[in-house]
Number of protein chains: 2
Amino acid sequence: MDFRRVIEANRESYMDELFEVLNQKSISAQNDGIRECAELMMEKLKGSGIGHVELMETEIHPVVYGEYHVSDDAPTILVYGHYDVQPPGPIEEWESPPFEPMIREGRIYARGAGDNKGQIMAQIMAIRTYLEAEGELPVNVKFLIEGEEEIGSVNLDSFVAQHREKLKADLVYTSDGPMLPNGHPYVLLGVRGMLYVELALREADFDNHSGNKGNIVPNPAWKLMDLLHTMRSADGQVLIEGFHDTVKAPTEREMELIEKLPFDLEEVRRNVGHAGIEMTKAEYYRKLCFEPTFNISGFTSGYGGEGAKTIIPKDAKVKIDMRLVMDQDPDVIFELVRDHVAKHAPDVSVKKLGQMSPSRSSADLPFIEPIRKAAEASFGKKTFIQPSMGGSLPDAVWTKVLGTPSVVVPYANVDEANHSPNENLVVEHFYSGIETTCRVIAEMKHIKL
Amino acid sequence: MDFRRVIEANRESYMDELFEVLNQKSISAQNDGIRECAELMMEKLKGSGIGHVELMETEIHPVVYGEYHVSDDAPTILVYGHYDVQPPGPIEEWESPPFEPMIREGRIYARGAGDNKGQIMAQIMAIRTYLEAEGELPVNVKFLIEGEEEIGSVNLDSFVAQHREKLKADLVYTSDGPMLPNGHPYVLLGVRGMLYVELALREADFDNHSGNKGNIVPNPAWKLMDLLHTMRSADGQVLIEGFHDTVKAPTEREMELIEKLPFDLEEVRRNVGHAGIEMTKAEYYRKLCFEPTFNISGFTSGYGGEGAKTIIPKDAKVKIDMRLVMDQDPDVIFELVRDHVAKHAPDVSVKKLGQMSPSRSSADLPFIEPIRKAAEASFGKKTFIQPSMGGSLPDAVWTKVLGTPSVVVPYANVDEANHSPNENLVVEHFYSGIETTCRVIAEMKHIKL
Ligand SMILES: [Zn+2]
Ligand SMILES: [Zn+2]
């Protein structure tokens, strides 16, 4: 199967197709060009040999759905991506107009070049390549390309729940986000979940003078801190009853994967802006992939300006974001937090500001290593498998709502500048991405499910 | 001694003198009208029979000094006040121009009406009244009227230290600030001191993403809270070694005075804007007069706006103001705080933003009760003695630098709106203040020192 030869023969036309898509605005937050872009994506799917293509409405922006059916007995890959983009931001910081793609020094510059049009187009061009090389696909392929990712995938959960039968698959395959530094691909098997809460206490109707009223009116900053110290010990242990109960230890296989991951302590230090960080590779990935956090994103009470202001603040507020790991359920953890606060400081209000379930696909699945090899062969760079990212993405929509394993294999360079001016995609990553998807499809036919 | 008759006979001329002073701008922060006002004050002293009057320079605005000498053997009262005023603030909020005094509904409206021109002029007019009634004063009287009070009395300590001999007295007598609600006068014997520190910790060079870096980079808000919890227990006890060592218990006489003070729990609740306050009179005054505070005036770290921002803050900062009681020395307490932080969290910086010594004159001094009676007779309202105020004033300049007992007897109404638009003084308080000073002078001659 000479995918690379087909890709080389079509370099220019594939790039033209991508440029056409990048040329079409599709800013979901501003509802600008969305429907035109959805139509264009349908055209690209049809033009690449996907037999069945349809537009499926949601409450905001439509999903572009495509399906290439081989046989009911063949494995099925569901490719997920999004055609909407972020607003371009400060236009004067762009070196070329965001919706007029341009190649400079081996990179395609345009809004959406990396996030996600360049990556989803690589997946679509892979179907075209595979068909030109082999005449037909060896597995069923479905495409779900949504138009609401950059506004939080607000309808994705309910869409997937509603169309569970239609979307049935053996693997959800996503290319989004950046690769590792120096162009190393990696296969991501999961994400941490998230629970974001705000605890607030209003003690008095106004700030009081710290002299005239000092010792008379209680201080809400102290009260909130006292509460926080019942929630977490000075050595960092979360003390909320039940918080750790469902935390799963990493498997042996996951620990093996971690041992193979790259690690450079100096780079970590630069990356977090803290020269004093000390940790081993195993610690680093264990803390990042398998341990929850209990982080303060903000604490505010009273006066924060220059110099002295002598007040007893009227209120205090803390924002806590917890990254959750398997199998912590954000709904359950929220109940635990609420119960804890009700018990220790009933005056303190608890507000949920966001949540996401953790999600992790098994490292033992038979297609994980073949996918790694497919990326390694296509990019010509050592390729890794990371059991989970530290951040949070709505991956549980696949693993929990659809009930299907999910892997993310980013094709974009680490400095893709997504969400920023001068977003870009390294030209060769587009082509290596096409080849990776072809190889993944080829491998999937060998998998015994 | 019919002081009241003399006052009644001079109502209009006394008010004219006060209006002339209120008419003269004297904004120390803006150096506007200061010297003109100082000259005017000298004129008022001379015109009231003070034989020796002089202008004494400091590094910023001059002190107006006056002295009426009777005999080396007679007791000496040093009257302290200030002729400078706050800037008028938002001019559109004034119902009449701040430097054009006007009487409406029994109140004099003008910047400085209460703070402090109306009160210091009552003291000066008292000399005029006494001399008209009796022909001569029974005690030596000195006047120290400074021009830097509203910019923090920055040179007062060194001025008093430099002129210790000249300022020698048996009592420092000040009328400044507001009386109790409902026009009840009180004699204040002291103030709490103050130590204001800022603790800060910068952990990373920038805010980190709470997902991608969560558990990798330490959180400065947690670290600062952990430190704060080594400094104060959840039940409010200060845990810094030595902090309480020099705290003096109230004397029996002081506790008796407190029992006589007015107390209305509902009014306290309204006053602090907190309906849930529960305390007895004894608790209230003990906490306010005799116990130090360890208050957080501000704690800021990370994001404090609406909604969720997922960061690990780069830094955290807390402002602590401690009100100190006798005999806590702010220099010593600062060393204790610094040592404590160095021991428990050496990364945290400690900055001193302000300090003031506590000061309290003995309730056993023979002239305290006569002064109370003088105010009670003059204002015709039950008058109290409070061993200390909760707030801080530079009273230690008298009790420690000069080594002289000091009492404060405010003549201004509780709603004088000092430092605010529409500052005012109840007209009758001006006249009752004059009478009070006359009676205090009369009483002082009976005191065996
Ligand atoms: Zn994005
Ligand atoms: Zn003032």
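As the structure is a computational prediction, the values presented were derived from the model and not from experiment.

**Quick word on the pairing of strand 12 (residues 295-302) of chain B**
- Of all the eight residues making up strand 12 of chain B, six are buried; the element is thus mostly covered by neighbouring parts of the structure.
- Alignment of strand 12 (residues 295-302) of chain A against strand 12 of chain B, held across five bridges, turns out to be antiparallel. Each residue of the ladder has a partner; that of glycine 302 of chain A, found in strand 12 of chain B, is glycine 298 of chain B.
- Two elements, strand 12 of chain B and strand 14 (residues 315-324) of chain B, share six bridges in a ladder whose sense is antiparallel. Bridge assignment links serine 301 of chain B to a residue of strand 14 of chain B, and that residue is alanine 316 of chain B.

**Details of the coordination of the zinc ion (ligand 2)**
All names here are of chain B.
- At 2.0 to 2.6 Å from the zinc ion (ligand 2) lie its protein donor atoms, namely Asp115 (OD), Glu150 (OE), Glu150 (OE) and His419 (NE2).
- Around the zinc ion (ligand 2), the four donor atoms sit at angles spanning 55 to 137°, and that spread fits a shape best called irregular.
- In the primary structure, the donors to the zinc ion (ligand 2) are separated according to the pattern D-x34-E-x268-H. On the criterion of sequence distance, the pair formed by aspartate 115 in the loop between strand 5 (107-109) and helix 4 (117-134) and glutamate 150 in the loop between strand 6 (140-146) and helix 5 (156-162) is long-range, its members being 35 residues apart.
- Look at aspartate 115 and you get buried, because its relative accessible area is 6%.

**Some details on the domain arrangement of chain A**
Residues and elements named next belong to chain A.
- Per the domain assignment, the segments making up chain A are domain 1 (3-191 + 358-444) and domain 2 (193-249 + 290-356).
- Computed from C-alpha atoms alone, the centre-to-centre distance between domain 1 and domain 2 is 39 Å.
- The interface of domain 1 with domain 2 comprises ten residues on the first partner and ten residues on the second.
- Contact with domain 2 buries area across many residues of domain 1, yet Pro358, Arg360 and Ser392 alone supply 72% of it, more than any other trio.
- The interface formed by domain 1 and domain 2 includes zero salt bridges.
- Here domain 1 is connected to domain 2 by two residue pairs in polar contact (both at pLDDT 80 or more).
- A per-class count over the side of domain 1 that touches domain 2 returns five nonpolar, four polar and one charged.

**A closer look at the coordination of the zinc ion (ligand 1)**
Residue and element names in this part refer to chain A.
- For the zinc ion (ligand 1), the protein coordination sphere consists of Asp115 (OD), Glu150 (OE), Glu150 (OE) and His419 (NE2), at 1.9 to 2.6 Å.
- Each of the four donor atoms around the zinc ion (ligand 1) contributes to a set of angles spanning 53 to 133°, which defines the coordination as irregular.
- Expressed as a motif, the donor residue spacing for the zinc ion (ligand 1) is D-x34-E-x268-H. Pair noted here: glutamate 150 is in the loop between strand 6 (140-146) and helix 5 (156-162) and histidine 419 is in the loop between strand 18 (406-408) and strand 19 (424-426), with a separation of 269 residues, a long-range link.
- For histidine 419, a relative accessible area of 43% puts it in the partly exposed group.

**Quick word on the environment of asparagine 215 of chain B**
- Turning to its location among the elements, asparagine 215 of chain B is positioned in the loop between strand 11 (208-209) and helix 7 (220-231).
- With relative accessibility at 25%, the residue asparagine 215 of chain B sits in the partly exposed group.
- Separated by 97 residues in the primary sequence, asparagine 215 of chain B and isoleucine 312 of chain B have C-alpha atoms spaced 9.6 Å apart.
- Here asparagine 215 of chain B is in contact with Arg192, Met279, Lys287, Glu291, Pro292 and Thr293 of chain A, once residues within four sequence places are set aside.
- Within the local environment of asparagine 215 of chain B, its side chain forms a polar contact with the backbone oxygen of glutamate 291 of chain A, the two atoms lying 3.3 Å apart.
- At 3.2 Å, the side chain of asparagine 215 of chain B and the backbone oxygen of proline 292 of chain A are in polar contact.

**What about the relation of the copies chain B and chain A?**
- Laying chain B over chain A is done by rotating through 179° and shifting 0.3 Å along the axis; what remains is an RMSD of 0.3 Å. Taken together, the rotation angle and the small translation identify this as a two-fold axis. In terms of proximity to the rotation axis, the leading residue of chain B is threonine 300 of chain B, whose C-alpha is 2.4 Å off the axis.
- When the interface residues of chain B are mapped onto chain A, 100% of them again fall at the interface, so both copies present the same face.

The rules we used
- Residue positions are counted from 1 within each chain, in the order its sequence is given.
- Chains carry letters and ligands carry numbers; both start at the beginning, A for chains and 1 for ligands, and go up in the order they are written.
- Per-residue local features of the predicted model are confined to residues with pLDDT of at least 70, and side-chain atom pairs are confined, for both listing and counting, to 80 or more; whole-chain, interface and lining totals are unaffected and use all residues.
- As a convention, hydrogens and water are excluded, and side-chain values are obtained from all of the structure's heavy atoms.
- Relative accessibility thresholds used throughout: buried, under 20% of the residue-type maximum; exposed, over 50%; partly exposed, between the two (1.4 Å probe, protein chains only).
- Going along the chain from the N terminus, every DSSP run of H or I of four or more residues is numbered as a helix, and every run of E of two or more is numbered as a strand.
- Paired strands are those between which DSSP finds at least two bridges.
- Atoms are scored as donors when they are N, O or S and lie within 2.8 Å of the metal, with 3.2 Å used for Na, K and Ca; no water is included, so coordination may look incomplete.
- Working rule for geometry: tetrahedral if four donors all subtend angles between 85 and 135 degrees; square planar for four, octahedral for six, if opposite donors exceed 155 degrees and the others stay between 65 and 115; irregular in every other situation.
- All the domain ranges listed were derived from an automatic or database domain assignment.
- We call two residues contacting when some pair of their heavy atoms lies within 4.5 Å.
- Two parts placed together each lose some accessible area; with a 1.4 Å probe, that loss summed over both constitutes the buried area.
- Should a side-chain nitrogen of Lys or Arg be within 4 Å of a carboxyl oxygen of Asp or Glu, the pair is scored as a salt bridge.
- For the purposes of these results, a polar contact is taken to be a pair of N or O atoms within 3.5 Å, where, inside protein, one atom must be able to donate a hydrogen and its partner to accept one; residues adjacent in sequence count only when each atom of the pair is a side-chain atom.
- Under the grouping applied here, Gly and all other residues not named as nonpolar or charged are polar, the nonpolar ones being Ala, Val, Leu, Ile, Met, Phe, Trp, Tyr, Cys and Pro and the charged ones Asp, Glu, Lys and Arg.
- When the copies are overlaid, the least-squares fit takes in C-alpha atoms only where the residue has pLDDT of at least 70 in both copies.

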